[in-house]
Amino acid sequence: MMGFVLFLGLCFVIGGLAVASNPSPYYGVLGLVVAAVAGCGWLVSLGVSFVSLVLVMVYLGGMLVVFVYSVALAADPYPEAWGSWGVAGYGFGMGLVVVVGLVVGGVLELLVDEGTVNSGGLLSVRSDFGGAAVLYSEGAGLLLIGGWGLLLTLFVVLELVRGLSRGAIRAV
Amino acid sequence: MNPQANLIFIASLLLGTTITISSNHWIMAWTGLEINTLAILPLISKSHHPRAIEAATKYFLTQAAASALVLFSSMTNAWHTGQWDITQLTHPTSCLILTSAIAMKLGLVPFHFWFPEVLQGSPLTTGLILSTAMKLPPMTLLYMTSSSLNPTLLTILAILSAALGGWMGLNQTQIRKILAFSSISHLGWMAIILIYNPKLTLLNFYLYAVMTTTVFLTLNTTKVLKLSTLLTAWTKAPSLNTMLLLTLLSLAGLPPLTGFLPKWLIIQELTKQDMAPAATLISLLSLLSLFFYLRLAYCTTITLPPHTTNHMKQWRTNKPTNTAIAILTTVSVMLLPASPMILTIV
């Protein structure tokens, strides 16, 4: 079991590596999918299954769908792929940074000694979906502020991209 | 820009600042910081010039990375201590990460590289908001966590900020970049005294905000953006330029102007805390910024500039200065005799 969770952690890091060293967004988004699924699995191993499903739904079902639609409108005819030498070098360099960070940060020793957190028992009733329930009842202020933040993001993006060739994104 | 959209962005700036200032949970502080970051992006890129877009991109990337670091430090602390209180940050790794996160938010060296270019790419009023209002939430977080920050790192960042703020401002001809470096060196002064007396940090910040607001608004009235324009700006508003001279010298920290008060009190507090070498070092490094303030002051009051003007005095006078500049100039120049009263307010 612990080996599977470690594998999920490894997949998360590799997915992040793939996103960071992407040759073009179309291939980087594959790394994002791997990272999101691995993150979902890791959260399930921690016991908070509701939050992991929310993560998958928002990431893969919301963010990635919007990304795919917007990328479909502005597609590169000949995108650079993983096989080219520049991308391989970049990926290798990023991989080196990650491994050095893991070794220096002492993460590998921690993973060997301590293992993962077990949050069983009655606590798992309150921790994830209980928190979401509080967000909609006593924590309504935070809900409103979060909703305002999302609305603000919409307005910011609309303001930043309006204007076609006279606006911020002049290539369109 | 669309007036309704402008209203939403300004309102979100106020909302974000208020949320962070009034928060005691790290998630609320982070939410306020993120709302501030998002809301100011269209204001920076208002002119849609490539430099403005680049400034907005740089601002967003650094501030988002810093907000992520704030979130990581608070989550590490919550993992180890079980609570999210801002004033109860105790885990050493969290304190270290938070110090660098706030340094990145404010623009302390070595995380200052975004600041001059962001200020240069934005219009003058947005630059004013970036230098004063957007520094208020991170400054508040710094004040609230002042006992949990890493003193060595903070002192090193402060002295490096005073040094680089002074040195890199020396070769600049664009006034917004000069003001960015002046902001970086003032932030160094604010950071060095934080561990010993956080109220002096706040005092320094308030007085710096008033003086910088005065400078930005004065420059906005005469629409001056570079040194060569400043050389002939006295024809547009002679008395305003004279007051700009005094405000710049106040920013430099010369007695008997207001800007001397925070430097004086900080040096006194540092000396009382057995940090006399640090006090000497930061005062000497402020001499570098004094040079470019003096150069700016020289350019404001010169009446025979090296390049030609068509006239000595414009026959059309500009619209009169608004009241805000008058009040702020008075405050930023003449407040030193009232120092005991100021100390009771802060």
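For clarity, every value in this text was computed on a predicted model and none was experimentally measured.

**Observations regarding the overall build of chain A**
Thinking step 1. Scanning chain A for helices and strands turns up eight helices and zero strands.
Thinking step 2. Written out in order from the N terminus, the α and β elements of chain A read α-α-α-α-α-α-α-α.
Thinking step 3. Counting the 172 residues in chain A, one finds 23% classified as buried.
Thinking step 4. Partitioning the contacts of chain A with sequence separation of at least 6, the portion at a separation of at least 24 is 63%.
Thinking step 5. With an accessible surface of roughly 11300 Å², chain A has 77% of that area assigned to carbon and sulfur atoms.

**Thoughts on the interface of chain B and chain A**
Size of an interface, as often reported, equals the accessible area lost when the parts are brought together.
Thinking step 1. Counting from both sides, the interface comprises 20 residues of chain B and, opposite them, 16 residues of chain A.
Thinking step 2. Taking both sides of the interface into account, the surface hidden between chain B and chain A amounts to around 1600 Å²; carbon and sulfur atoms contribute 80%.
Thinking step 3. When residues of chain B are sorted by the area they lose upon contact with chain A, Ile-8, Leu-38 and His-48 of chain B head the list and together hold 34% of the total.
Thinking step 4. Where chain B packs against chain A, one counts zero salt bridges.
Thinking step 5. There are one residue pair in polar contact (both at pLDDT 80 or more) connecting chain B and chain A.
Thinking step 6. Mapped onto the side of chain B that touches chain A, the elements with two or more residues apiece are helix H1 (3-21), helix H2 (26-44) and helix H3 (50-81) of chain B.
Thinking step 7. At seven residues, H2 of chain B tops the list of elements feeding residues into the side of chain B that touches chain A.

**Topic: the UniProt feature "domain: NADH:quinone oxidoreductase/Mrp antiporter transmembrane" (unreviewed entry) in chain B**
Thinking step 1. Within the UniProt annotation, "domain: NADH:quinone oxidoreductase/Mrp antiporter transmembrane" (unreviewed entry) is assigned to residues 23-288 of chain B.
Thinking step 2. Between the first and last C-alpha atoms of residues 23-288 of chain B the distance is 38 Å; the span itself is 74% helix and 0% strand.

**With respect to the packing of helix H8 (residues 151-168) of chain B against helix H9 (residues 175-192) of chain B**
Residue and element names in this part refer to chain B.
Thinking step 1. Orientation of H8 relative to H9, taken along the N-to-C sense of each, is 155 degrees, at an axis distance of 7 Å. As far as their axial angle goes, H9 and H8 are roughly antiparallel. With respect to the hand of their crossing, H8 and H9 are arranged in left-handed fashion. Judged by residue contacts, Leu-154, Thr-155, Ala-158, Ile-159, Ser-161, Ala-162, Leu-164, Gly-165, Gly-166 and Met-168 of H8 engage Phe-181, Ile-184, Ser-185, Gly-188, Ala-191 and Ile-192 from H9.
Thinking step 2. When the residues that make up the contact of H8 with H9 are grouped by side-chain class, the tally is ten nonpolar, six polar and no charged.

**Description of the domain arrangement of chain B**
All names here are of chain B.
Thinking step 1. Along its sequence, chain B is organised into domain 1 (1-149) and domain 2 (150-345).
Thinking step 2. Relative to domain 2, the C-alpha centre of domain 1 lies at a distance of 23 Å.
Thinking step 3. In this complex, domain 1 contributes 29 residues to the contact, which on the side of domain 2 involves 38 residues.
Thinking step 4. Between domain 1 and domain 2, the buried area comes to about 3000 Å², and carbon and sulfur atoms account for 78% of it.
Thinking step 5. Among the residues of domain 1 in contact with domain 2, Gln-120, Leu-124 and Tyr-143 are the three that bury the most area, contributing 24% of the side total.
Thinking step 6. The interface formed by domain 1 and domain 2 includes five residue pairs in polar contact (both at pLDDT 80 or more).
Thinking step 7. Sorting the residues of the side of domain 1 that touches domain 2 by element identifies helix H4 (92-106), helix H5 (114-121), helix H6 (124-131) and helix H7 (136-144) as the ones contributing at least two each.
Thinking step 8. When residues in the side of domain 1 that touches domain 2 are grouped by element, the largest group, five residues, is from H6.
Thinking step 9. Split by residue class, the side of domain 1 that touches domain 2 holds 17 nonpolar, eleven polar and one charged.

**Observations regarding the environment of Trp-30 of chain B**
Residues and elements named next belong to chain B.
Thinking step 1. The residue Trp-30 is located in helix H2 in this model.
Thinking step 2. Judged by relative accessible area, Trp-30 falls into the partly exposed class, the value being 25%.
Thinking step 3. When the C-alpha positions of Trp-30 and Ile-19 are compared, they lie 9.1 Å apart, and in sequence the two are eleven residues distant.
Thinking step 4. Aside from chain neighbours lying at most four places away, what touches Trp-30 is Ser-67 and Leu-71.

**Details of empty space enclosed by the protein**
Residue and element names in this part refer to chain B.
Thinking step 1. The tally for this structure, following the rule as stated, stands at two cavities of 30 Å³ or more.
Thinking step 2. Roughly 80 Å³ of volume is contained in the largest cavity.
Thinking step 3. Surrounding the largest cavity, Leu-33, Asn-36, Thr-37, Tyr-59, Gln-63, Lys-105, Trp-114, Leu-130, Met-134, Lys-135, Pro-137 and Pro-138 form its lining.
Thinking step 4. Elements supplying a minimum of two residues to the lining of the largest cavity: H2, H3 and H7.
Thinking step 5. Broken down by element, the lining of the largest cavity gets its largest block of residues, three residues, from H2.
Thinking step 6. Here the lining of the largest cavity is built from residues that sort into seven nonpolar, three polar and two charged.

Each value, and the rule that gives it
Residues numbered from 1 in each chain as written. Chains lettered and ligands numbered in written order. Predicted model: local features only at pLDDT ≥ 70, side-chain atom pairs only at ≥ 80, totals over all residues. Heavy atoms only, no water. Helix = DSSP H or I, 4+ residues; strand = E, 2+ residues; numbered from the N terminus. Buried < 20%, exposed > 50% of the residue type's maximum accessible area, 1.4 Å probe, protein only. Contact = heavy atoms within 4.5 Å. Areas by Shrake-Rupley, 256 points an atom, 1.4 Å probe, with all protein chains shown as cover. Buried area = accessible area lost by both parts, 1.4 Å probe. Salt bridge = Lys/Arg side-chain N within 4 Å of Asp/Glu carboxyl O. Polar contact = N/O pair within 3.5 Å; in protein donor to acceptor, adjacent residues only side chain to side chain. UniProt positions renumbered as here; feature names shortened; annotations may be inferred. Axes fitted to C-alpha atoms, helices over the stretch in contact; angles between N-to-C directions. Parallel < 35°, antiparallel > 145°, perpendicular 65-115°, else oblique. Left-handed = near helix turned anticlockwise from the far one by under 90°. Nonpolar A, V, L, I, M, F, W, Y, C, P; charged D, E, K, R; others polar. Domains from an automatic or database assignment. 1 Å grid on protein atoms, 1.4 Å probe; cavity = no way out; pocket = protein on both sides within 12 Å on 5 of 7 lines; lining within 4 Å. Points joined across faces, edges and corners; volume = space filled by probe spheres on them.

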